[in-house]
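# An overview of the molecular structure
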Amino acid sequence: MSPFPGSGLAKGLAVTLRTMTRRTVTAQYPDVQPELPPRTRGVIGLFEENCTVCMLCARECPDWCIYIDSHKETVPPAAPGGRERSRNVLDRFAIDFSLCMYCGICIEVCPFDALFWSPEFEYAETDIHDLTHERDKLREWMWTVPEPPALDPAAEEPKEIAAARKTAEKLAAQEAAAAQEKEGEA
């Protein structure tokens, strides 16, 4: 129990008094833009040139808020005598931000780096139906995506790059040995 009756009330009033005497910090938002941390999750930007219409983003989205339409086109053979190929062409790519929960699964599963987080957060609409943004608006947001942070210079080199470097060094050594043999024969 407390040492004397009403000590809890006194502690509460002390906290209130301390808070009242502090200077207020008000963010003047519309006039002053906030300082956002790097790689802020605002909206999703689309880099349309990388999209192959694989539909992974739409299939993995837990909210089913990504709408993709496409059609197939026949591409002529690259070499004479080759066969024609078909490829998907993107007709519609839309995200309904009234349904989106900003989980980022679509960005993570995209194997071709077509989706990115943009720090834009001012996209409010007066009608909920206007929160479905088509590919033109998503492309505009793509240009606001910041550069990824630089790699840590003290970080360990990725295994893939190390293996590729070893292979390249072996090939260079073999070529140098072959060149020396040719010089020795001549």
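The structure displayed is predicted, hence computed values, not measured ones.

## A few points about the UniProt feature "binding site: [4Fe-4S] cluster 1" (unreviewed entry) in the protein
UniProt tags C51, C54, C57 and C110 as "binding site: [4Fe-4S] cluster 1" (unreviewed entry). Maximum C-alpha separation among the annotated residues is 10.4 Å over a sequence range of 60 residues, consistent with a single clustered spot. Inspection of the secondary structure assignment puts C54 in the loop between β1 (43-46) and α2 (56-60). Residue classification places C54 among the partly exposed positions, given a relative accessible area of 30%. The contact partners of C54, leaving out residues within four places of it in the chain, are R59, P111 and F112. For C110, the position within the fold is in the loop between α3 (105-109) and β4 (115-118).

## So, the pairing of strand β3 (residues 85-96)
Two faces make up the sheet, and in a regular strand the side chains alternate between them. Relative to β3, strand β2 (residues 66-75) is paired through 10 bridges, and the arrangement is antiparallel. Residue pairing in the sheet places V75 in a bridge with R85 of β3. Both β3 and strand β5 (residues 132-133) contribute to a ladder of 2 bridges, which runs antiparallel. Within the sheet, the bridge partner assigned to D96 lies in β5 and is T132.

## Side note on the state of the cysteines
A full pass over the atoms with the stated rule returns 0 disulfides. Not part of a disulfide, C57 finds its nearest cysteine sulfur in C54, a span of 6.3 Å. What makes C57 buried here is its relative accessible area of 8%.

Definitions and limits used
- Residues numbered from 1 in each chain as written.
- Predicted model: local features only at pLDDT ≥ 70, side-chain atom pairs only at ≥ 80, totals over all residues.
- Heavy atoms only, no water.
- UniProt positions renumbered as here; feature names shortened; annotations may be inferred.
- Helix = DSSP H or I, 4+ residues; strand = E, 2+ residues; numbered from the N terminus.
- Buried < 20%, exposed > 50% of the residue type's maximum accessible area, 1.4 Å probe, protein only.
- Contact = heavy atoms within 4.5 Å.
- Pairing = 2+ DSSP bridges.
- Disulfide = S-S within 2.5 Å.

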